[in-house]
Amino acid sequence: MSLGELVGLVLTDYTVRTVSIGSAALGAVAGALGCFALLRRQSLLGDAISHAALPGIGLAFLLTGSRAVPVLVLGAALAGWLGTLVVLGIVRNSRISEDSALGIVLSVFFGFGLVVLTLAQRRPTAAQAGLETFLFGQAATLLERDVALIVVVGTSAVLVLALLWKEFKLLTFDREFAVSIGLSATRLDLLLTGLLVAAIVLGLQAVGVVLMSALIVAPAAAARQWTNSLSVMVGLAGVLGAIAGAGGALLSSFASGIPTGPTIVLIATGAVGFSLLAAPERGLASRLVRDLRTRRRVLSDGVLGDLYALACQHPGRTGHPHPVAVLKAMQRSRGGVERSLRRLEADGWAREVQPGEWSLTTAGLARAREGFRAELGADAPPVTGQRR
Amino acid sequence: MTVADLEIQLLAVVVAVGCALPGVFLVLRRMALVSDAISHSILLGIVLGFFIAEDITSPLLVGAATATGVLTVALVELLHRTRRVKEDAAIALVFPALFSIAVILISRFAEDVHLDLDAVLLGEIAFAPFRRVQISGADLGPRSLWLMGALLAANLIVITVFFKELKLATFDAGLAHALGFSPALVHYGFMTLVSATAVGAFDAVGSILVVALMIAPPAAAYLLTNRLPRLLLLSGALGTLAALSGYWVARAADVSIAGSMASMSGVVFLAVLLFAPDRGIVAGMRSRARQKLAFASVMLTTHLLHHEGDPSAERESREAHLQEHFRWSGDFAPRVIWHAERQGLIVRDGGGLLRLTPLGREAARHQMTR
């Protein structure tokens, strides 16, 4: 299928449009809220919340007998919320560290969720597919009213985020200061975690319990590489999340036998990989280039210094040429001497008097003095002085 | 009880103990969630091993899965080392990606073979007795039991032989390094053990129960003791308790065995968290209440000493006044007085006046001058 056909389908086909809009919306919400989870070092809390939501889905079904998505999502939200409270309770009231508390909540809630699901499956009304899609997610099951739910809850969550932007920002970056100016950190904590829970449970139907945490972390981690500004990061993560969501949903709708959740996760993880490599400042590629440049600079500065030292040996004869071999010996085979010389030549600081023999230019002399002063805080020995 | 029942329970106990032993070190090293990461990403190794060997029972699968587990740890570390991502985020990025690849491979290319996603994730220990080891026609018992038994033995041997090294590397990594134990060797050696154990347990009970059995029993035991050997023993015992009670609950209610075992390990942890003798929440509340009473009775004795032999004592040294003076609530003041009386610090005379005993006077003076 060509891209044009795909765009045409998204515009005309009802199911395709519903599914892609829904997945994009939940990706955007998850990406935006995930930024706070990432920055607050709560990446794994998302994993615990999404696993902890499973018994909520099952119990909501058992208690109400309804398979309506809002009911199940509400159950998931309550269970996920309870899970985070249990993690907090364990960490505050015992010497168990946070990672163990998260592991316990994640596995025990999920295990209990399995128990509840086996009970639920005995109900004659339980269409198995209905509940089991929550494990790995199936975006194709999104209906228009599910999308409406995602959009409404997601928009409200983003609205709360916008209204309390200052407070959340302060809480994330300087908690002590936030407390000192009278903000209730505990209440803000709970609220922000509540928003995170909302973002996670919205995604359960399309992405699944097991992998939802990745959709929280990955867009945020990718966006973090491109900017140091929180608002840009949140916006970018929202866009990346939406792309991953829609892309994954579309891919899995058209290729047979590809589950949605994993596809979305792989697209988002791909974005992280690309960002880690290619982001302009924090990216590994640009760091490599920067390191290389610095290395070359250091090497050619060294050669410049050596030329200066040699010039000092020949007072009054600035233009006296020195063989490359001497410079190489002075650099103690650090390599790249020729390249450094060419660089210096390009900068107009050195010139090749005759093949293989080099000397400083007047500008190079000044530059070497300047560098000497910058480095040692003292004047360089004058070239015209006594021969040492 | 049938032979199959016994075999399932034996397997459950072996899995529980086998998971709890390395779990102790994970909990102590604050790497509990590594078990979550490993137990998910080994699926990729199993799938790849299956594609190569084309046989679900091939030992190659175990090897490949163990290697993927170690690879996960290495990838997390690599990502963390770039200093572009925090460690928790690195974990949360690596294992979902590997797991996603595995799920897509399964659903795309292996749907018709016996790699059922649900079974992989959730495990079905009830089926373990059906997969048996047979050598020249002789039935030697369930395959999982052999595999997990071997892994339990490996854990026991490694932990016994390298007890000193593991202990030192866990509690004082710096000293261990200074004494010449390579941190990388200890770390990756241990991670290989964890990974192999997770693979064996995963085969029997699915990935989530692996996490529950590796973390919950050791965390519970950690609230009961400060000594490493006892911690290991208790973890094994609590794991066994969770596994067996989980099995019987599942039998009684006819629900998922793995889910029930995970739930019971949570119940065991919760019980210990609440009722552990020293570090339990209830014990903590009681000791705080005791301290509050003890402190209040010291306050009371100093108050009485201050007014002793003074006309004001007639007014100050009465129960009703204490409520006003210390802002003690109506039922707290009598409890403080009762406590102080029982400690022999004060007596109440006929007129309802509180007086210090010589012991109480001594205690109050000591408090004032120290």
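Residues numbered from 1 in each chain as written. Chains lettered and ligands numbered in written order. Predicted model: local features only at pLDDT ≥ 70, side-chain atom pairs only at ≥ 80, totals over all residues.

## Quick word on the overall build of chain A
What counts here: Segments assigned H or I by DSSP are reported as helices when at least four residues long, segments assigned E as strands when at least two residues long, and all are numbered from the N terminus. For the radius of gyration, the atoms used are the C-alpha atoms, and the globule rule reads 2.2 Å times the number of residues raised to 0.38. Note that contacts rest on C-beta atoms placed from the backbone: two residues are in contact if these are within 7 Å.
Within chain A one finds 17 helices and three strands. In terms of overall dimensions, chain A is more spread out than a globule: its C-alpha atoms have a radius of gyration of 31 Å, far above the 21 Å expected for 388 residues. Overall, the C-alpha framework of chain A stretches about 100 × 55 × 35 Å when taken along its three principal axes. Contacts in chain A between residues far apart in sequence, at least 24 positions, make up 71% of those at least 6 positions apart.

## A look at the overall build of chain B
Worth spelling out the cut-off: Residues with at least 20 neighbouring C-beta atoms inside 10 Å of their own are called buried, those with 12 or fewer are called exposed, and the rest are partly exposed, where every C-beta is derived from the backbone.
For chain B, the helix and strand inventory stands at 17 helices and four strands. Over its C-alpha trace chain B gives a radius of gyration of 29 Å, far above what one expects of a compact globule, namely 21 Å for 370 residues. The principal-axis extents of the C-alpha atoms in chain B amount to approximately 100 × 55 × 40 Å. With 370 residues in all, chain B has 45% of them scored as buried. Counted over contacts in chain B with a minimum sequence separation of 6, partners at least 24 positions apart contribute 66%.

## A few points about the confidence of the model for chain B
Residues and elements named next belong to chain B. Heads up, the condition is: You can read pLDDT as the predictor saying how much it trusts each residue, on a scale of 0 to 100.
In the predicted model, chain B carries a mean pLDDT of 87, and the fraction of residues at 70 or more is 95%. Of all secondary-structure elements in chain B, the lowest mean pLDDT belongs to helix α5 (residues 117-122), at 61, while helix α11 (residues 228-253) reaches the highest, 95. If you check the scores for this complex, the pTM reads 0.86 and the ipTM reads 0.88.

## A closer look at the interface of chain A and chain B
We count it as follows: Classes in brief: Ala, Val, Leu, Ile, Met, Phe, Trp, Tyr, Cys and Pro nonpolar; Asp, Glu, Lys and Arg charged; the others, Gly included, polar.
Listed per partner, the contact involves 49 residues of chain A and 50 residues of chain B. Every element with two or more residues in the side of chain A that touches chain B is listed here: α3 (43-64), α4 (69-93), α5 (98-120), α6 (128-136), α11 (212-226) and α13 (260-278) of chain A. Among the elements that make up the side of chain A that touches chain B, the one with the highest residue count is α5 of chain A (15 residues). Of the residues assigned to the side of chain A that touches chain B, the class counts are 29 nonpolar, 15 polar and five charged.

## Some remarks on the nonpolar core
Side chains of a nonpolar character, in soluble globular proteins, are inclined to be buried together. The line we're drawing: By our criterion, buried Ala, Val, Leu, Ile, Met, Phe, Trp, Tyr and Cys residues that link up through C-beta atoms within 7 Å make up a nonpolar core.
V15 and L93 of chain B are the most contacted members of the largest nonpolar core, which has 211 residues in total. What L93 of chain B contacts, discounting residues up to four positions off in sequence, is A214, V217, A218, A221, T269 and V272 of chain A together with L79 and V85 of chain B. Counting 16 residues, the second-largest nonpolar core is a separate cluster that includes L304, L310, L344 and L365 of chain A.

## What to know about the sheet that holds strand β2 (residues 350-354) of chain A
All names here are of chain A. How we decide: When DSSP finds at least two bridges between two strands, those strands are taken to pair.
Strand order in the open sheet formed by three strands is β1-β3-β2, and the pairing between neighbours is antiparallel. If you trace the sheet from one side to the other, it starts and ends with β1 (322-323) and β2, each paired once. The sheet contact formed by β1 and strand β3 (residues 357-360) spans two bridges and is antiparallel. By the bridge assignment, H322 is partnered in β3 with W358.

## Details of the pairing of strand β2 (residues 138-142) of chain B
Residue and element names in this part refer to chain B. Here strand β1 (residues 132-135) pairs with β2 via three bridges, running antiparallel. Considered in β2, the bridge of Q134 is made with D139. In this antiparallel pair of consecutive strands, β1 and β2, the connection spans two residues, and S136 shows a positive phi of 40°.

## A word on the pairing of β2 of chain A
Residue and element names in this part refer to chain A. Taken together, the four bridges between β2 and β3 define a ladder with antiparallel strand orientation. Along β3, the bridge assignment pairs R351 with S359. The hairpin formed by β2 and β3 contains two residues between the paired strands, and G356 there has a positive phi angle of roughly 80°.

## Here's the deal with unusual backbone geometry
The residue R41 of chain A is not glycine, and still its phi comes out positive at about 60°. With 13 C-beta atoms packed within 10 Å, R41 of chain A lands in the partly exposed category.

## A few points about the environment of G46 of chain A
In this fold, G46 of chain A is placed in helix α3. In this structure, the C-alpha to C-alpha distance between G46 of chain A and L211 of chain A, residues 165 residues apart in sequence, is 9.8 Å. Not counting residues within four places of it along the chain, the set of residues in contact with G46 of chain A comprises A37, L196, I200, S213, I216 and V217 of chain A together with A92 of chain B.

## Regarding the environment of V47 of chain B
Residues and elements named next belong to chain B. Within the secondary structure, V47 sits in helix α2 (residues 32-53). The class for V47 is buried, based on 24 C-beta atoms found within 10 Å. Separated by 29 residues in sequence, V47 and V76 have C-alpha atoms that sit 21 Å apart.

## Quick look at α5 of chain A
Under the convention used in this document: A helix is expected to span 1.5 Å multiplied by its residue count minus one.
A rise of 1.5 Å per residue sets the reference length of α5 of chain A, with its 23 residues, at 33 Å; its end C-alpha atoms lie 32 Å apart and thus fit the reference within 8%. Most of α5 of chain A is tucked away, with 21 of its 23 residues classed as buried.

## Topic: the packing of α11 of chain A against α13 of chain A
Residue and element names in this part refer to chain A. To be explicit about the condition: For helices, the fitted line uses only the C-alpha atoms of the stretch in contact; every axis is such a line through C-alpha atoms, and the angle between N-to-C directions lies from 0 to 180 degrees. Roughly parallel means an angle under 35 degrees; roughly antiparallel means over 145; roughly perpendicular covers 65 to 115; every other angle is labelled oblique. Handedness of a crossing follows from how the near helix is turned relative to the far one, being left-handed for an anticlockwise turn of less than a right angle and right-handed for a clockwise one.
Running from amino to carboxyl end, α11 crosses α13 at an angle of 20°, the nearest separation of the two axes being 8 Å. Judged by the angle between their axes, α11 and α13 are roughly parallel. With respect to the hand of their crossing, α11 and α13 are arranged in left-handed fashion. Between α11 and α13, the residues in contact are A214, L215, A218, P219, A221, A222, Q225 and W226 and I264, V265, A268, T269, A271, V272, S275 and L276, respectively. Tallied by class, residues from the contact of α11 with α13 come to 13 nonpolar, three polar and no charged.

## Some words on the packing of α5 of chain A against helix α12 (residues 257-275) of chain B
Taken N-terminus to C-terminus, the directions of α5 of chain A and α12 of chain B make an angle of 135°; their axes are 7 Å apart at the nearest point. The angle between the axes of α5 of chain A and α12 of chain B places the two elements in the oblique class. Remark: the crossing between α5 of chain A and α12 of chain B carries left-handed chirality. Between α5 of chain A and α12 of chain B, the contacting residues are I104, S107, V108, F110, G111, F112, L114, V115 and T118 of chain A on the first element and A258, G259, S260, A262, S263, S265, G266 and F269 of chain B on the second. Partitioned by chemical class, the residues of the contact of α5 of chain A with α12 of chain B number nine nonpolar, eight polar and no charged.

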